[in-house]
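# Residue-level structural notes
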Amino acid sequence: MSHTSGVRQVRKEQTRQALLDAGLRLLDRQSLSSLGLREVTRAVGVAPAAFYRHFPDMAALGVALVGEALGSLHAVIRDAMAAGGQDSDELIDRTVAITAAYADEHRAHIRFIARERYGGVQAVREAIAAELGRFTDEVAAGLAAQPASAGWSPADLRVLAGLYVDHMVMTAAAVMEAPQDDPAARAQIIRAARLRMRIISLGRSHWTSERG
């Protein structure tokens, strides 16, 4: 690759990222279905035609934001599951803590996912569902490796994994929405999240697939 083409590629990637960042900022106050292409390009300072060099439409920009928002969460939760004992208080506390920390560090992304998961743009809804589905598969695989899962069917393990994933997303959204100047509200969210995980874990310890 020549120096000129290398510089051109870097600038292209920078513009693409600038469009994503601008879109995310603007989506802090509105849904994707109401966000206009010209609004995004104006925020970046490029002509509307430049948008199409990176995305065919606004839905494609939304799908790319889904990848940004949820991509790194896979590794975070995988690390949490690998730490501590299965269904232990230590693991529950660690999982809730890193989920809350992730929400603190990625507030705009969590707000985007929470709003668009059931929003008006089908391609984005499908992208979120697919990403969470892959996330669920990863959690199910981790659960399957635990002795407590002996006798569980793959289908039941995936349902259990889905409960954990939905809980994590719900916890992240609640933490993100909590007033930043109200530590008591945040503490209540954390306590409730821990309790829900303990209830799920208690149900797991008394479940056998044959009952399903």
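As the structure is a prediction and not an experimental result, all values here were calculated from the model. (Residues numbered from 1 in each chain as written. Predicted model: local features only at pLDDT ≥ 70, side-chain atom pairs only at ≥ 80, totals over all residues. Heavy atoms only, no water.)

### What to know about the overall build of the protein chain
- Looking only at helices and strands, the protein chain features 9 helices and 0 strands.
- Structurally, the protein chain occupies a C-alpha span of about 60 × 45 × 35 Å along its principal axes.
- The buried share of the protein chain, reckoned over its 212 residues, is 41%.
- Taking contacts inside the protein chain between residues at least 6 apart in sequence as the whole, the part at least 24 apart equals 67%.
- Per element, the accessible surface of the protein chain, about 11,100 Å² overall, is 56% carbon and sulfur. (Helix = DSSP H or I, 4+ residues; strand = E, 2+ residues; numbered from the N terminus. Buried < 20%, exposed > 50% of the residue type's maximum accessible area, 1.4 Å probe, protein only. Contact = heavy atoms within 4.5 Å. Areas by Shrake-Rupley, 256 points an atom, 1.4 Å probe, with all protein chains shown as cover.)

### A look at the environment of T171
- Within the secondary structure, T171 sits in helix α8 (residues 154-177).
- Between the C-alpha atom of T171 and that of A69, which follows or precedes it by 102 residues, the distance is 15 Å.
- Those residues in contact with T171, other than ones at most four positions away along the chain, are T99, A193 and R196.

### Re the confidence of the model for the protein chain
- Put simply, the protein chain has an average pLDDT of 89, and 91% of its residues get 70 or more.
- Element-level pLDDT for the protein chain is lowest in helix α4 (residues 58-82), with a mean of 83, against a maximum mean of 97 in helix α2 (residues 37-44). (pLDDT = per-residue confidence, 0-100.)

### Let's talk about the nonpolar core
- Counting 55 residues, the largest nonpolar core has V40, L61, V66, F112 and Y164 as its most contacted members.
- Among the secondary structure elements, those contributing two or more residues to this core are α1 (3-26), α2, α4, α5 (89-105), α6 (107-116), α7 (122-144), α8 and α9 (183-205).
- Of the residues forming this core, the biggest block, 11 residues, is contributed by α8.
- Apart from the residues within four sequence positions on either side, F112 is in contact with L24, L27, G62, L65, V66 and V124. (Core = buried A, V, L, I, M, F, W, Y, C linked by side-chain atoms within 4.5 Å.)

### A look at the environment of L157
- Relative to the helices and strands, L157 resides in helix α8.
- Its relative accessible area of 5% is what places L157 among the buried residues.
- Separated by 59 residues in sequence, L157 and I98 have C-alpha atoms that sit 23 Å apart.
- Once you skip the residues sitting within four places of it in the chain, L157 turns out to touch A140, L143, A144, S149 and W152.

### Side note on α6
- For α6, the buried fraction is high: 7 of the 10 residues fall into the buried class.
- Burial in α6 covers these residues: R107, H109, I110, R111, F112, I113 and E116.

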